[in-house]
Amino acid sequence: LRLVADLRDAIERRAITLHYQPIVSAADGSLEAVEALARWTHPQRGRISPEVFVPLAEESGLIGPLGLLVLDEACRQVVEWDRVLGAAAPPRVNVNVSALQLGGGLRAEVVAALQRHGLAPARLSVEITESALMTDPAAARSVLQELRDLGVAVAIDDFGTGYSSLAYLRHLPVDCLKVDRSFVAELAEGHPQIATAVIALARSLGLSTVAEGVATPALAAALTELGATYLQGFSLAVPMDGAATAAWAGAR
Ligand code: G
Ligand code: G
Ligand code: MN
Ligand code: NA
């Protein structure tokens, strides 16, 4: 397939870039982290969504190289933000990790990236979808434990959409649940039940929460009222390139 060859080429040329979406404290609006989101502008086809090219990378054996590129670039960017912003730099960067990256070697790749850039492990967080965790729960559990032992935080992405057993959740080494934006959208439509329950569940397990897809100030207020720890969405900030993220963080 032509698109796979183009993707391989884009990865080799480091033409896949990252945008960053701020995640802020619900309590006081302070910047907690930014989520790194991969971007690809194809020379002929224009922008291609990661919802297209990440699955393509997974199917074609390119997720390893793509994951390495994203991890490396995110670490490099944090060090650059530290240099230009000092204490105003984003405290942490969240990197999305695919199920296939849990297979093995993720710990070593993370250690290598942190060392290459001289970045402290506490500056990095990994987001793994609930469905990825359930592909091979035992393997996922041991990889997540290795990351946490390093001091890298772990969040479950799209929480509530992946049919994970709630009993299992209690034994997973994670720090944070990301409330899927479909439940935040339901809250906006007058159906708060699932968002309310996920936030309450996280709190009872001692986990923080990020509410995703916070598209209006009214939603930000409602989610803060429900006890969400952190907020992410267009109402707070859209995903931005590294320079725009620095300007955004520096202006606060
Ligand atoms: O903001 P956006 O349209 O970019 O994100 C679409 C989806 O693609 C999200 O579910 C996000 O988690 C996923 N995604 C974005 N960047 C990456 C990445 O670097 N790795 C993986 N595995 N998924 C990503
Ligand atoms: O990893 P995850 O599936 O959470 O990826 C985040 C995705 O959500 C990205 O595609 C990003 O552009 C998108 N996004 C971020 N904020 C909002 C929002 O307020 N509303 C909607 N609909 N999408 C958002
Ligand atoms: Mn994510
Ligand atoms: Na999500």
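Here is what the cut-offs are and how they apply
- The residue numbers shown here count from 1 along each chain, following its written sequence.
- To read the labels, note that chains go from A and ligands from 1, taken in the order they are written.
- Totals for whole chains, interfaces and linings use every residue, but because this is a predicted model, local features are given only for residues with pLDDT of at least 70 and side-chain atom pairs only at 80 or more, for both listing and counting.
- Only the C-beta atom matters for nearness: placed from the backbone, it must lie within 6 Å of the molecule or strand for the residue to count as near.
- By the criteria applied, helices consist of DSSP H or I runs no shorter than four residues and strands consist of E runs no shorter than two, each listed in order from the N terminus.
- When residues are sorted by character, Ala, Val, Leu, Ile, Met, Phe, Trp, Tyr, Cys and Pro go into the nonpolar class, Asp, Glu, Lys and Arg into the charged class, and all the rest, Gly among them, into the polar class.
- For every residue, the other C-beta atoms within 10 Å of its own C-beta are counted; 20 or more classify it as buried, 12 or fewer as exposed, and values in between as partly exposed. C-beta atoms are placed from the backbone.
- Handedness of a crossover: with both strands directed away from the viewer, a clockwise path from the first strand across the helix to the second marks it as right-handed.
- What counts as a contact here is a pair of residues whose C-beta atoms, placed from the backbone, lie within 7 Å.
- What counts as an axis is a line fitted to C-alpha atoms, over the stretch in contact for a helix, and the angles between N-to-C directions run from 0 to 180 degrees.
- Roughly parallel here means an angle under 35 degrees, roughly antiparallel means over 145, roughly perpendicular means 65 to 115, and every remaining angle is called oblique.

## Considerations on the site of ligand 1
- Surveying the vicinity of ligand 1 reveals the residues Leu37, Ala38, Ser49, Pro50, Glu51, Val54, Val70, Asn96, Ser98 and Pro239.
- Looking at the shell around ligand 1, the elements with two or more residues in it are β2 (31–42) and α2 (50–59).
- Per element, the largest residue contribution to the shell around ligand 1 is 3 residues, and it comes from α2.
- Split into classes, the residues belonging to the shell around ligand 1 amount to 6 nonpolar, 3 polar and 1 charged.

## Some words on the pairing of strand β5 (residues 124–129)
- Among the 6 residues of β5, 6 are classified as buried, and the element is accordingly described as predominantly covered.
- Chirality of the crossover, the property in question, places the unit of strand β4 (residues 93–97), helix α4 (residues 106–117) and β5 among those that are right-handed.

## A look at the environment of Pro90
- Topologically, Pro90 is positioned in the loop between α3 (63–85) and β4.
- Separated by 106 residues in sequence, Pro90 and Thr196 place their C-alpha atoms 28 Å apart.
- In contact with Pro90, not counting residues within four places along its chain, are Leu31, Ala33, Val34, Val78, Trp81 and Ala249.

## Description of the site of ligand 2
- Around ligand 2 sit 13 residues, and of these Glu212, Gly213, Ala215, Gly233 and Phe234 come closest.
- A class-by-class count of the residues in the shell around ligand 2 yields 5 nonpolar, 4 polar and 4 charged.

## What about the environment of Phe159?
- Checked against the element boundaries, Phe159 lands in strand β6 (residues 153–159).
- Its 26 C-beta neighbours within 10 Å are what place Phe159 among the buried residues.
- Linking Phe159 and Ile128, residues 31 residues apart in sequence, is a C-alpha distance of 9.6 Å.
- If we skip the residues at most four places from it in the chain, Phe159 touches Glu130, Leu177, Lys178, Val179, Asp180 and Val198.

## A closer look at unusual backbone geometry
- In this structure, Arg14 takes a positive phi of about 55 degrees despite not being glycine.
- If you trace the backbone, Arg14 turns up in the loop between α1 (2–12) and β1 (17–25).
- You can call Arg14 exposed: it has 10 C-beta atoms within 10 Å.
- Although it is not a glycine, Asp158 sits at a positive phi angle of roughly 55 degrees.
- Within the secondary structure layout, Asp158 lies in strand β6.
- Asp158 gets classed as buried once you count the C-beta atoms within 10 Å, which come to 20.

## So, the packing of helix α8 (residues 181–188) against helix α9 (residues 193–204)
- Their axes nearest at 7 Å, the elements α8 and α9 cross at an angle of 125 degrees. Put simply, α8 runs oblique to α9. On α9, the residues touching Phe183, Val184, Glu186 and Leu187 of α8 are Ile194, Ala195 and Val198.
- Within the contact of α8 with α9, the residues separate by chemical class into 6 nonpolar, no polar and 1 charged.

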